[in-house]
Number of protein chains: 2
Amino acid sequence: MTRREQWARVLQENQIKPSYPRLCIYSYLAESKSHPTADEIYLALHDEMPTLSKMTVYNTLNILIEKKLARLISIEEHEARYDANTQLHGHFKCSLCDRVIDFPVQDQYISYDNLKGFDVMEKDIFFRGICPSCKVSGGKA
Amino acid sequence: MTRREQWARVLQENQIKPSYPRLCIYSYLAESKSHPTADEIYLALHDEMPTLSKMTVYNTLNILIEKKLARLISIEEHEARYDANTQLHGHFKCSLCDRVIDFPVQDQYISYDNLKGFDVMEKDIFFRGICPSCKVSGGKA
DNA sequence: TCTAATGATTATAATCATTATAATATTTAA
DNA sequence: TTAAATATTATAATGATTATAATCATTAGA
């Protein structure tokens, strides 16, 4: 089974009909590590799919979020990024190179003493600062 | 010294001239626990200050953020909320009543093993789910 | 006190990502 | 093969925020 077929199967298992545009969008997001914006996805796929509309990108991303196959990363106001990794992890945004980098978060290390009685369904952990390579290069990397 | 005068002093200590609109906006934010949006601040102050413009609210909030007297809470896309509590703490948004509730976060319980070499300057911890009172009332409280 | 000059506030218009709507195309099922 | 359902597209609308420029207030110097 090709990787494409595997992504199609994931969509089907989540009641999303794997149309060609949807499969392209989901594959791109799932194989990307850069947490792209809707616009970046649209631009990246535009070459191989000149008829693709942005509405389809937005529609597909909203369906993926609804079915919990993707998450919206609002680490920056006015910059909606998307991530197909729905496991708990943190996001670090470097203020110099603007890259968003994943980091592991171990749930058991977060204290929940003060959230007794709350049903916690989603967790976002956003850090900002300077990444190691920008500390060396001064952000010019 | 009145509370008003104390907030004015905080502004001055941070090189912000405590004009009447600025003092109103900062006092309101500092004494609020509801993490208001710019629009909510504007509406709340409009009665006692009919000439207030929204631009002043936005300007003042941006100055407060710049001087680290307030933080932008982007727990929800397309809904910029503000918080004058700049100490590390988490925000929980109830999906039923839409309230944003603070919860303590103990920094030492977050594992940083995988952030060696990163300069972490800002931390946002956003949880979503159902709050205890909505669990009882079904969100109708 | 008068007058520049500076800074704060306001009003207006512009921007831009996202959504709404409706039309078109495609797929599905009878 | 046709009708119904669904997906995609094009276009226009929305709405929060920012840009710009004009007005107002405040301060400092003569």
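As a reminder, the structure under discussion sits directly above these lines.
A quick note: this is a predicted structure, and the numbers were derived from the prediction, not measured.

### Details of helix 2 (residues 20-31) of chain A
All names here are of chain A.
Logical step 1: A rise of 1.5 Å per residue sets the reference length of helix 2, with its 12 residues, at 16 Å; its end C-alpha atoms lie 16 Å apart and thus fit the reference within 8%.
Logical step 2: Among the residues making up helix 2, those that are buried are L23, C24, I25, Y26, S27 and L29.
Logical step 3: Contact partners of the buried residues in helix 2: helix 1 (3-13), helix 3 (38-46), helix 4 (54-66) and strand 2 (79-83).

### Examining the relation of the copies chain B and chain A
Logical step 1: Overlaying chain B with chain A gives an RMSD of 0.1 Å, the required rotation being 180 degrees about an axis along which the chain moves by 0.0 Å. Here the transformation between the copies is reduced to the relation of a two-fold axis.
Logical step 2: Interface overlap between copies: 100% of the residues of chain B at the interface are likewise at the interface in chain A, consistent with a symmetric, same-surface contact.

### Details of the pattern of salt bridges
Logical step 1: For the structure on display, the rule yields 20 salt bridges over all chains.
Logical step 2: D119(A) is paired through a salt bridge with K135(B); the nearest N and O atoms lie 3.2 Å apart. One end of the pair, D119(A), is in strand 5 (residues 119-130); the other, K135(B), is in helix 5 (residues 132-137), on a second chain.
Logical step 3: On the basis of relative accessible area, D119(A) is assigned to the partly exposed category, the value being 31%.
Logical step 4: Residue K135(B) is classed as partly exposed on the basis of its relative accessible area, which comes to 43%.
Logical step 5: The structure contains a network of salt bridges with shared partners spanning R71(A), E122(A), D124(A) and R128(B).

### Quick notes on the packing of helix 2 of chain A against helix 3 of chain A
All names here are of chain A.
Logical step 1: Where helix 2 meets helix 3, the closest approach of the two axes is 10 Å, and the angle between their N-to-C directions is 115 degrees. Between helix 2 and helix 3, the interaxial angle falls into the category roughly perpendicular. Crossing of helix 2 over helix 3 shows right-handed handedness. Contacts between helix 2 and helix 3 involve C24, I25, Y28 and L29 on the former and, on the latter, E40, I41, A44 and L45.

### Overview of the interface of chain B and chain A
Logical step 1: Every contact between the two is made by 35 residues of chain B and, on the other side, 35 residues of chain A.
Logical step 2: Contact between chain B and chain A buries roughly 3,200 Å² in total, counting both sides, with carbon and sulfur atoms accounting for 59%.
Logical step 3: Scanning the region where chain B abuts chain A turns up six salt bridges.
Logical step 4: A salt bridge links E122(A) to R128(B), with the nearest nitrogen and oxygen atoms 2.8 Å apart.
Logical step 5: Put simply, chain B and chain A have 15 residue pairs in polar contact (both at pLDDT 80 or more) between them.
Logical step 6: By residue number, the principal contributor to the side of chain B that touches chain A is strand 5 (residues 119-130) of chain B, which donates 12 residues.

### Re the layout of surface pockets
Logical step 1: The space that makes up the largest pocket amounts to roughly 630 Å³.
Logical step 2: The wall of the largest pocket is formed by 23 residues, among which R128(A), I65(B), R71(B), L72(B) and E122(B) lie closest to the centre.
Logical step 3: Broken down by secondary-structure element, the contributors of at least two residues to the lining of the largest pocket are strand 1 (71-76) of chain A together with helix 4 (54-66), strand 1 (71-76), strand 2 (79-83) and strand 5 of chain B.
Logical step 4: Here the element with the most residues in the lining of the largest pocket is strand 5 of chain B; it accounts for five residues.

### Observations concerning the environment of I25(A)
All names here are of chain A.
Logical step 1: Note on placement: I25 falls in helix 2.
Logical step 2: Taking the relative accessible area as the measure of exposure, I25 reaches 0% and is therefore buried.
Logical step 3: Along the backbone, I25 and L64 are 39 residues apart, and their C-alpha atoms lie at a distance of 10 Å.
Logical step 4: Those residues within four positions of I25 in sequence are excluded, and the remaining contacts are I41, L45, L52, T56, V57 and T60.

### Here we look at the environment of T56(A)
All names here are of chain A.
Logical step 1: When you line up the elements, T56 lands in helix 4.
Logical step 2: Through-space distance from the C-alpha of T56 to that of R99 is 26 Å; in sequence the pair is 43 residues apart.
Logical step 3: Residues contacting T56, with those up to four places away along its chain left out, are P21 and I25.

Basis of the calculations
Residues numbered from 1 in each chain as written. Chains lettered and ligands numbered in written order. Predicted model: local features only at pLDDT ≥ 70, side-chain atom pairs only at ≥ 80, totals over all residues. Heavy atoms only, no water. Helix = DSSP H or I, 4+ residues; strand = E, 2+ residues; numbered from the N terminus. Expected span 1.5 Å × (residues − 1). Buried < 20%, exposed > 50% of the residue type's maximum accessible area, 1.4 Å probe, protein only. Contact = heavy atoms within 4.5 Å. Least-squares fit on C-alpha atoms with pLDDT ≥ 70 in both. Salt bridge = Lys/Arg side-chain N within 4 Å of Asp/Glu carboxyl O. Axes fitted to C-alpha atoms, helices over the stretch in contact; angles between N-to-C directions. Parallel < 35°, antiparallel > 145°, perpendicular 65-115°, else oblique. Left-handed = near helix turned anticlockwise from the far one by under 90°. Buried area = accessible area lost by both parts, 1.4 Å probe. Polar contact = N/O pair within 3.5 Å; in protein donor to acceptor, adjacent residues only side chain to side chain. 1 Å grid on protein atoms, 1.4 Å probe; cavity = no way out; pocket = protein on both sides within 12 Å on 5 of 7 lines; lining within 4 Å. Points joined across faces, edges and corners; volume = space filled by probe spheres on them.

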